[in-house]
Structures are given as structure tokens and as C-alpha cells.
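Inside the fold
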Amino acid sequence: MQNKKLFTNASVLSLPGILAIFISLISIPVHLKSAGAENYGNYIIFHFLLTLGSLLNLGIGKSIVISINNFPKKSKSVAYCGIKYTFILGIIISILFILFNLIKDFIYFNLIFTNSTILNYFFIAILVTLFYISLEGILQGNQRFKSLSFYNFTFYSLAMSVPSLSLIYFKDNSLENLILLSVLIKLSTIFLMLLIIIKNKLVKKSNNKILFNNLKKNSKWLTLNSILIQFYDLFDKYL
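We now turn to the structure provided with this report. (Residues numbered from 1 in each chain as written. Predicted model: local features only at pLDDT ≥ 70, side-chain atom pairs only at ≥ 80, totals over all residues. Heavy atoms only, no water.)

A count of helices and strands for the protein chain gives nine helices and zero strands. Counted from the first residue to the last, the protein chain has its helices and strands arranged as α-α-α-α-α-α-α-α-α. Here the C-alpha atoms of the protein chain give a radius of gyration of 19 Å, agreeing with the 18 Å that 2.2 N^0.38 yields for 239 residues. Taken over the C-alpha atoms alone, the protein chain extends approximately 55 × 55 × 35 Å along its principal axes. Within the protein chain, contacts between residues at least 6 apart in sequence are counted, and of these 83% link residues at least 24 apart. Total accessible area on the protein chain is roughly 14100 Å²; 68% of this is exposed by carbon and sulfur atoms. Averaging the positions of the 22 positive and the 7 negative side-chain charges in the protein chain gives two centres separated by 26 Å. (Helix = DSSP H or I, 4+ residues; strand = E, 2+ residues; numbered from the N terminus. Rg over C-alpha atoms; globule rule 2.2 N^0.38 Å. Contact = heavy atoms within 4.5 Å. Areas by Shrake-Rupley, 256 points an atom, 1.4 Å probe, with all protein chains shown as cover. Lys, Arg positive; Asp, Glu negative; His and termini not counted. Charge placed at Lys NZ, Arg CZ, Asp CG, Glu CD.)

Laid out in C-alpha cells, this is it:
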């Protein structure tokens with residue numbers, strides 16, 4: 001019975017990753033054939049730079065998981081504080097983005113972000129990623145691994161592949177439209193996650209310092225670890 005349960009759970013958790021591989025094998029050639037290598041290259045770079053969202057989370061998501069495991073009876077309070085801290089962090093990043101918009105005309109800023117529309121999409125996607133990491137931490141801490149597997153599939157795989165596949169029917173879709181569709185899929189995912197978290201009553205308003213103390217202790221090395229992971233991914237995958 002235990003082996004059967006283990007096999008079933010492993011299959012369910014592995015299925016999104018397997019599907020993601022097959023979808024990529026279809027979507028990448030479609031994108032290259034319909035939009036060209038330059039368009040696809042810029043599209044990939046956009047998604048690669050979104051990994052900044054996980055770095056800017058400053059370890060909140062991972063600290064939520066640690067705090068919930070250390071204090072399971074306070075899991076709802078920890079989840080609430082995690083969302084609150086992420087919201088505050090999002091406001092700070094928004095202010096910095098506004099300041100950047102004011103000075104960007106005076107500095108050299110090339111790559112794909114010469115287009116102000118794409119720059120705005122990038123900012124929204126960074127905020128979305130910021131919140132996704134924290135919501136992911138809440139689900140991990142509450143051991144909602146099956147649902148989290150689905151959300152990971154939607155947020156990372158479908159958000160990247162569906163816009164490329166849309167080129168089958170809309171061959172003239174611009175890079176801006178492809179990125180917009182990707183951002184909308186990501187945004188829909190975090191709204192669905194938040195809805196499920198609230199519906200299952202996984203959050204409770206509180207001002208306890210459990211998560212705050214954990215962040216003081218762990219955020220530096222968690223952020224450094226995330227930087228190293230992204231650095232390895234750069235050489236392993238994107239470069």
C-alpha cells in the first residue's frame with residue numbers, strides 16, 4: 001500500500017515536468033519558424049531576466065517554509081506575515097521602478113528594453129514572480145505538493161510555451177503581444193493560488209515575529225544561494 005501510494009504521488013508530481021519537456025519540443029520550433037531566431041532570443045532573455053524576481057524576494061518564500069515547519073501551529077500567522085512582507089517589498093520595488101523610469105532616458109539601457117511597453121511588462125512580471133515565490137512557500141509549508149506541482153507547470157512551463165504555440169494561429173504576433181500573454185498567464189496563476197490559500201484558510205492576520213526573526217537569520221544566505229543557482233543556470237542553460 002505504501003509503495004503504491006509513493007508511486008502514485010511520484011507520478012503525479014513528475015507529470016507536469018514531463019509534459020513541460022514535450023510542450024517545449026513543440027513550442028520552440030514553432031516560435032523559431034514563425035517569428036525567427038532574434039524574436040525567440042529576446043523572448044528567452046526576457047524570461048531569463050525574470051529570475052531577478054526570485055532574488056528580489058530576499059528569501060521570504062524559503063523562510064516561510066522554514067518557519068512553518070519550525071512552528072506548525074503558527075503556520076497561518078506565518079503565511080499572513082509572508083504576504084505582508086512581500087507586499088511591502090513590492091511597494092519598494094515599485095518606487096525604484098518609477099525612479100528608474102525618470103532617469104532611464106539619461107543612461108544607456110539597451111537590450112530588449114528599449115521598448116517601453118516591454119519594460120512595463122517586465123516590471124509587472126517581476127512583481128508577479130516576487131509574489132509567486134512567497135505563495136509557493138506557503139503551499140510548500142502546508143505540504144500542498146500536488147497543487148503546487150500544477151501551479152509550477154502553469155507559471156513556468158505554460159507561461160513560456162503557450163505564447164509560442166499561439167504563433168501557429170497568429171503568425172504576426174509581435175514580441176510585445178507574446179510577452180503580454182505570458183505575463184497574463186503568470187498573473188492568473190498567482191490569483192488562483194491566492195484564492196486557494198484564502199479558501200482553505202491558510203492565512204490568519206497576525207503580528208508575530210516568527211517570520212521576521214527567521215528572515216534576519218536566514219535571508220542573507222538564502223539570497224546568496226539563489227544568486228549562485230541563477231549563476232549556474234546561466235552557464236548551464238541560457239548562455
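Next, the rest of the story.
Let's shift gears to the packing of aromatic side chains. Evaluated as defined, the whole model comprises six aromatic pairs. For the ring pair F97 and F123, a centre distance of 4.1 Å and an interplane angle of 10° mean the geometry is stacked. Taken as a pair, F97 in helix 5 (residues 75-103) and F123 in helix 6 (residues 116-141) lie far apart in primary sequence, 26 residues in all. Counting every residue linked through ring pairs, the aromatic cluster contains Y132, F155 and Y156. Here K186 stacks its cationic end above the ring of F155, 4.0 Å away from the centre of that ring. (Phe/Tyr/Trp six-rings, centres within 6.5 Å; stacked < 30°, edge-to-face > 60°. Lys NZ or Arg CZ within 6 Å of the ring centre and 35° of its normal.)

In this model, helix 2 (residues 37-49) (13 residues) spans 18 Å end to end at C-alpha, consistent with the 18 Å of a helix rising 1.5 Å per residue. Among the residues of helix 2, N39, Y40, Y43, I44, F46, H47 and F48 are the ones counted as buried. (Expected span 1.5 Å × (residues − 1). Buried < 20%, exposed > 50% of the residue type's maximum accessible area, 1.4 Å probe, protein only.)

This part covers a positive patch on the surface. Positive charge collects at one region of the surface, where K74, K76, K201 and K204 lie side by side. Relative to the assigned elements, K201 resides in the loop between helix 8 (175-199) and helix 9 (210-238). We classify K201 as exposed; its relative accessible area is 58%. (Patch = residues over 30% accessible without salt bridge, like charges linked within 9 Å, V, L, I, M, F, W, Y side chains within 5 Å. Salt bridge = Lys/Arg side-chain N within 4 Å of Asp/Glu carboxyl O.)

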